[in-house]
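# Architecture and fold: a report
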Amino acid sequence: MAREGRDDRSQTVQTELPGLEAVNSAEGPVGRSDQPAPAERKAQPAQDVKLWETTFSRENVLRALQRVESNKGAPGVDGMTVTELRSWLKAHWKDTRVALDEGKYRPQPVRRVVIPKPDGGQRELGVPTALDRLIQQAIAQALTPIFDPEFSEHSFGFRPGRNSHQAVRAARGYVEAGFEWVVDVDLERFFDRVQHDALMARVARKVTNKRVLRLIRRYLEAGIMVEGVKQSSEEGTPQGSPLSPLLANVMLDDLDRELHKRGHHFVRYADDLRVHVKTERAGQRVLEGITDFVERRLKLKVNRRKSSVKHAARATVLGFGFLRRNGRVEIRIDPKALTRMRERIRRLTRRSGRIAMPVRIALLNRFISGWCAYFALADTPSLFEEADQWLRRRLRQIRWKEWKRYSARKRNLEALGIPPPKARKWAGSSKGYWRTAGSPPLQRALPNAYWADLGLRSFIPSYTRLRVTW
């Protein structure tokens, strides 16, 4: 039944983009040469002979289009939004495909966007145009079946069927096995420092189709638009483009193989690497060895200031940490992640913000659902209960301030079932908002059920539900 739904959807999209269908249906089969491959060279893999046609086949491009649309994202330098892309393709895809086939297509530079990092620094992202996002996504989909099957089992980032939770569970397994010292290797500005020649040499190990290689190279060298000025990109792969995660894994696959050859227990998620060893001294030796390999062989740079060797009780991985309790290793939430959560809740529950409560609760629900979906992996339900108590107290102080005057407070308290004598007494309280929000009278007037009736999705119910389904 699900298969039929996918087929119907694909058929609908094909009808909407007749230009796309016409271009691909006109493609004839690739001719086969009568000349055998030279003896000293391997024959070109069958999957690589038609890699270009596979990349820009109707099915692959439509799948890429659906992925780009679902990911949404900001427009690139041309201002075209993702929602406008489909209608643009109806009129222009045929010409775009011809330009691609003839090698005349030139990607536009990415738009530089700077976002704050959790540690206080800044992360530079590159936003490609909607069309370039589509083409890169199509390339990534065609290359993933070629590269991914041979990637290391210890690599979890941006791979089909793999995710960050699996990486955290693998790390916990190492700690349980006695590898309680963690070597945290920080690759300094990895996405900005990758050398194009070194990266393309690794891509060319499995891809011999020259048109595909040339197009990937053009994306690497497309440049960056900063405040209306185009800057050349002599190294790096823009973080934020659909192709970058796959290229990052291709680049770091040599590191995975080296670590595996040395017999290390490690977890890598994109450029985030943790190696588990049994002693601190071994950790220091491993850090020195990895640093030498990364800088000498991969031509990347290790940030020695941020790289470290820590005991598992103090180390973190992807927002989680570990603790031993009752003889077993449990997963906890990184305190920094809790701090960021509270900062976000504070912004959404500011007393000074004139936001209607239904709108405020909708924003909170969206954040709480996403946060719990990720951090419910932790074995610490008490933290979720504390978050609920704190959140409801912040909402109660907002309500108390909204009522403002004595008469409004008395009237609303009575409407909530508080007897008139007590309502008059509580309405006249001179305590501050936060203290009043935590007092028994207001907790009685605005209990948990009150917020549930307004549609608030609390932390602990979301946590409990997710833990049951896992």
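Residues numbered from 1 in each chain as written. Predicted model: local features only at pLDDT ≥ 70, side-chain atom pairs only at ≥ 80, totals over all residues. Heavy atoms only, no water.

## Details of the overall build of the protein
When you go through the protein residue by residue, the secondary structure sums to 22 helices and 11 strands. Evaluated residue by residue, the protein yields a buried proportion of 46% over its 470 residues. Sequence-distant contacts in the protein: of pairs separated by 6 or more residues, those separated by 24 or more amount to 74%. On the protein, roughly 24900 Å² of surface is accessible, and the fraction owed to carbon and sulfur atoms is 49%. (Helix = DSSP H or I, 4+ residues; strand = E, 2+ residues; numbered from the N terminus. Buried < 20%, exposed > 50% of the residue type's maximum accessible area, 1.4 Å probe, protein only. Contact = heavy atoms within 4.5 Å. Areas by Shrake-Rupley, 256 points an atom, 1.4 Å probe, with all protein chains shown as cover.)

## Comments concerning the confidence of the model for the protein
Detail in the predicted coordinates should be disregarded across regions flagged by low pLDDT. Counting all residues, the mean pLDDT for the protein is 88, and 88% of those residues have values of 70 or more. Below pLDDT 50 for its whole length, residues 21-46 participates in 19 contacts with residues either more than four positions away or in separate chains. (pLDDT = per-residue confidence, 0-100.)

## Observations regarding the sheet that holds strand S3 (residues 181-186)
Strand order across the open sheet formed by four strands is S6-S7-S3-S8, with antiparallel pairing between neighbours. Whereas interior strands pair on both sides, the edge strands pair on one side only; in this sheet they are strand S6 (265-269) and strand S8 (308-311). Going from strand to strand, the sheet's axes swing by 20° on average, the running direction of each strand aside. Sheet topology places S3 next to S8; four bridges connect them, and they run antiparallel. The residue bridging Trp181 from the neighbouring strand is His311, located in S8. (Pairing = 2+ DSSP bridges. Axes fitted to C-alpha atoms, helices over the stretch in contact; angles between N-to-C directions.)

## Some remarks on the environment of Phe158
Note that Phe158 resides in the loop between helix H7 (130-147) and helix H8 (164-176). Of the residues examined, Phe158 reaches a relative accessible area of 49% and is grouped as partly exposed. If sequence neighbours within four positions are ignored, Phe158 has contacts with Pro245, Asn249, Tyr269 and Ala270.

## As for the sheet that holds strand S10 (residues 320-325)
Strand order in the open sheet formed by three strands is S9-S10-S11, and the pairing between neighbours is antiparallel. Because the sheet does not close on itself, it has two edges, and the strands there are strand S9 (316-317) and strand S11 (328-333). Bridge count for S9 against S10 is two bridges, and the pairing is antiparallel. Pairing of Thr316 across the sheet is with Gly321, part of S10. Each of S9, S10 and S11 is contacted by H8, which is oriented at about 35° to S10, the strand it contacts most.

## So, the packing of helix H10 (residues 196-203) against helix H12 (residues 244-261)
Packing of H10 against H12 brings their axes to within 9 Å, and their N-to-C directions diverge by 85°. As far as their axial angle goes, H12 and H10 are roughly perpendicular. Of the residues in H12, those touching H10 at Ala198, Leu199, Arg202 and Val203 are Leu247, Val250, Met251 and Asp254. Its residues assigned to classes, the contact of H10 with H12 comprises six nonpolar, no polar and two charged. (Parallel < 35°, antiparallel > 145°, perpendicular 65-115°, else oblique. Nonpolar A, V, L, I, M, F, W, Y, C, P; charged D, E, K, R; others polar.)

## Focus: the side chain of Arg172
The residue Arg172 is located in helix H8 in this model. In this structure Arg172 touches Phe322, Arg328, Val329, Ile331 and Asp379, once residues within four positions along its chain are discounted.

## Things to note about the pattern of salt bridges
This structure, assessed with the given rule, holds 27 salt bridges. With a closest N to O distance of 3.0 Å, Asp254 and Arg202 form a salt bridge. Residue Asp254 is found in helix H12, and its partner Arg202 is found in helix H10; the two are separated by 52 residues along the sequence. Asp254 sits in the buried class, given a relative accessible area of 12%. Take Arg202: its relative accessible area is 12%, and that puts it in the buried class. Taken together, the shared-partner salt bridges in this structure form one network comprising Arg172, Asp379 and Arg467. (Salt bridge = Lys/Arg side-chain N within 4 Å of Asp/Glu carboxyl O.)

## Overview of unusual backbone geometry
Despite not being glycine, Arg189 has its phi angle at roughly 45°, a positive value. Looking at the secondary structure, you find Arg189 in the loop between S3 and helix H9 (190-193). Given a relative accessible area of 49%, Arg189 falls into the partly exposed group. For Ala270, which is not glycine, the phi dihedral falls at a positive 60°. Topologically, Ala270 is positioned in the loop between S6 and strand S7 (272-277).

## So, the packing of aromatic side chains
Enumeration over the complete set of coordinates arrives at 12 aromatic pairs. Between the aromatic rings of Tyr374 and Phe375, the centroid separation amounts to 4.9 Å while the plane-to-plane angle is 85°, which identifies the pairing as edge-to-face. On the accessibility criterion, Phe375 (9% relative accessible area) is buried. Through successive ring pairs, a cluster of aromatic residues spans Phe320, Trp371, Tyr374, Phe375, Phe384, Phe459 and Tyr463. It is Arg342 that lies over the ring of Trp390; its NZ or CZ is 4.4 Å from the centre. (Phe/Tyr/Trp six-rings, centres within 6.5 Å; stacked < 30°, edge-to-face > 60°. Lys NZ or Arg CZ within 6 Å of the ring centre and 35° of its normal.)

## Focus: a nonpolar patch on the surface
A surface patch of nonpolar side chains, about 200 Å² in accessible area, is lined by Ile355, Val359 and Leu363. Secondary-structure assignment places Leu363 in helix H15 (residues 357-375). We classify Leu363 as partly exposed; its relative accessible area is 33%. (Patch = residues over 30% accessible without salt bridge, like charges linked within 9 Å, V, L, I, M, F, W, Y side chains within 5 Å.)

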